[in-house]
Amino acid sequence: MERPLNIGVLALQGAFREHGSVLRRLGAKVSEVRLPENLADLDGLVIPGGESTTIMHMARLYGLDDAIRQFREPVFGTCAGMIVLDREHLGLVDLEVDRNAYGRQVSSFEAEVELADGGPSLHGIFIRAPRIRELGPDIEVLAELDGEPVLVRDGRFLLSSFHPELTEDTRVHRLFLDMVEEAARVGA
Ligand code: GLN
């Protein structure tokens, strides 16, 4: 590859720094996105976990909601990032979720996530995670927890209900960078 992939991380609120450090470790150039013009020249975008209500509020304030709708490159949403991309928010991915829907009051936990490709399981950190309630017919399930989807792909969109940026396992970010590389090759 001639140049490093240029990945933006939406840096309005939440766990954006952690994504940045994983992506840099994997060789990407990372920039923080706070304004619509920061989306120019990116090869891909990450929408981190945090609080989806706050992220949506700030995105609207800065005009990033429409700018992200017009962004054409791969997008990876984790946790609140999954919620932001769903039918009821930016409307970019054909799924519906229930927010904070795992467990009881204290609904943060860690669990082994089974990969659909049969590879070694992933250690998933779930923090008040969204639970996928309905999934469009074209969405590919890449990993499950107790038979429910927790990592899915819809074309150029990758979504996880858990936080891969909080573990040492870089496989999910690697997968996203592969999607970005593939899209950059096709678009070149
Ligand atoms: N519960 C948060 C929300 O509803 C998501 C939590 C997270 O991103 N870790 O937006």
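See the structure shown above.
Residues numbered from 1 in each chain as written. Predicted model: local features only at pLDDT ≥ 70, side-chain atom pairs only at ≥ 80, totals over all residues. Heavy atoms only, no water.

**Structural notes on the overall build of the protein**
Okay, step 1: In terms of helices and strands, the protein carries five helices and eleven strands.
Okay, step 2: The C-alpha atoms of the protein give 15 Å as radius of gyration, which agrees with the globular expectation for 188 residues (16 Å, within 12%).
Okay, step 3: For the protein, the spread of C-alpha atoms along the principal axes amounts to about 45 × 35 × 30 Å.
Okay, step 4: Across the 188 residues that make up the protein, the buried fraction comes to 49%.
Okay, step 5: Pairs at least 24 residues apart make up 66% of the contacts formed inside the protein by residues separated by at least 6 positions.
Okay, step 6: Approximately 8900 Å² of the protein is accessible, and the part contributed by carbon and sulfur atoms is 48%. (Helix = DSSP H or I, 4+ residues; strand = E, 2+ residues; numbered from the N terminus. Rg over C-alpha atoms; globule rule 2.2 N^0.38 Å. Buried < 20%, exposed > 50% of the residue type's maximum accessible area, 1.4 Å probe, protein only. Contact = heavy atoms within 4.5 Å. Areas by Shrake-Rupley, 256 points an atom, 1.4 Å probe, with all protein chains shown as cover.)

**Quick look at the packing of aromatic side chains**
Okay, step 1: Applying the stated criterion to the full structure yields three aromatic pairs.
Okay, step 2: When the ring of phenylalanine 76 is compared with that of phenylalanine 176, the centres are 5.5 Å apart and the planes differ by 40°; the resulting orientation is tilted. Here the residue phenylalanine 76 occupies a position in strand S4 (residues 75–78), and phenylalanine 176 occupies one in helix H5 (residues 171–187), the gap between them amounting to 100 residues.
Okay, step 3: Given the relative accessible area of 0%, phenylalanine 176 is considered buried.
Okay, step 4: Measuring from centroid to centroid gives 5.6 Å for phenylalanine 126 and phenylalanine 162, while their planes differ by 50°, and the two rings are tilted. Of the two residues, phenylalanine 126 sits in strand S7 (residues 122–126) while phenylalanine 162 sits in the loop between strand S11 (157–160) and H5, which places them 36 residues apart along the sequence.
Okay, step 5: The exposure class assigned to phenylalanine 162 is buried, which follows from its relative accessible area of 1%.
Okay, step 6: Aromatic ring contacts, followed pair by pair, group Phe109, Phe126 and Phe162 into a single cluster. (Phe/Tyr/Trp six-rings, centres within 6.5 Å; stacked < 30°, edge-to-face > 60°.)

**Brief notes about the sheet that holds S11**
Okay, step 1: Strand order in the open sheet formed by nine strands is S2-S1-S3-S4-S11-S10-S9-S6-S7, and the pairing between neighbours is mixed. Because the sheet does not close on itself, it has two edges, and the strands there are strand S2 (29–33) and S7. The sheet shows a mean angle of 25° between the axes of neighbouring strands, direction not considered.
Okay, step 2: Two strands pair when backbone bridges link them, and strand S10 (residues 148–154) and S11 are joined in this way by four bridges, in the antiparallel orientation. Bridge assignment links leucine 151 to a residue of S11, and that residue is serine 160.
Okay, step 3: Along the sheet, H5 contacts strand S1 (6–10), strand S3 (44–47), S4, strand S6 (109–115), S7, strand S9 (140–145), S10 and S11; its crossing angle with S11, the most-contacted strand, is approximately 170°. (Pairing = 2+ DSSP bridges. Axes fitted to C-alpha atoms, helices over the stretch in contact; angles between N-to-C directions.)

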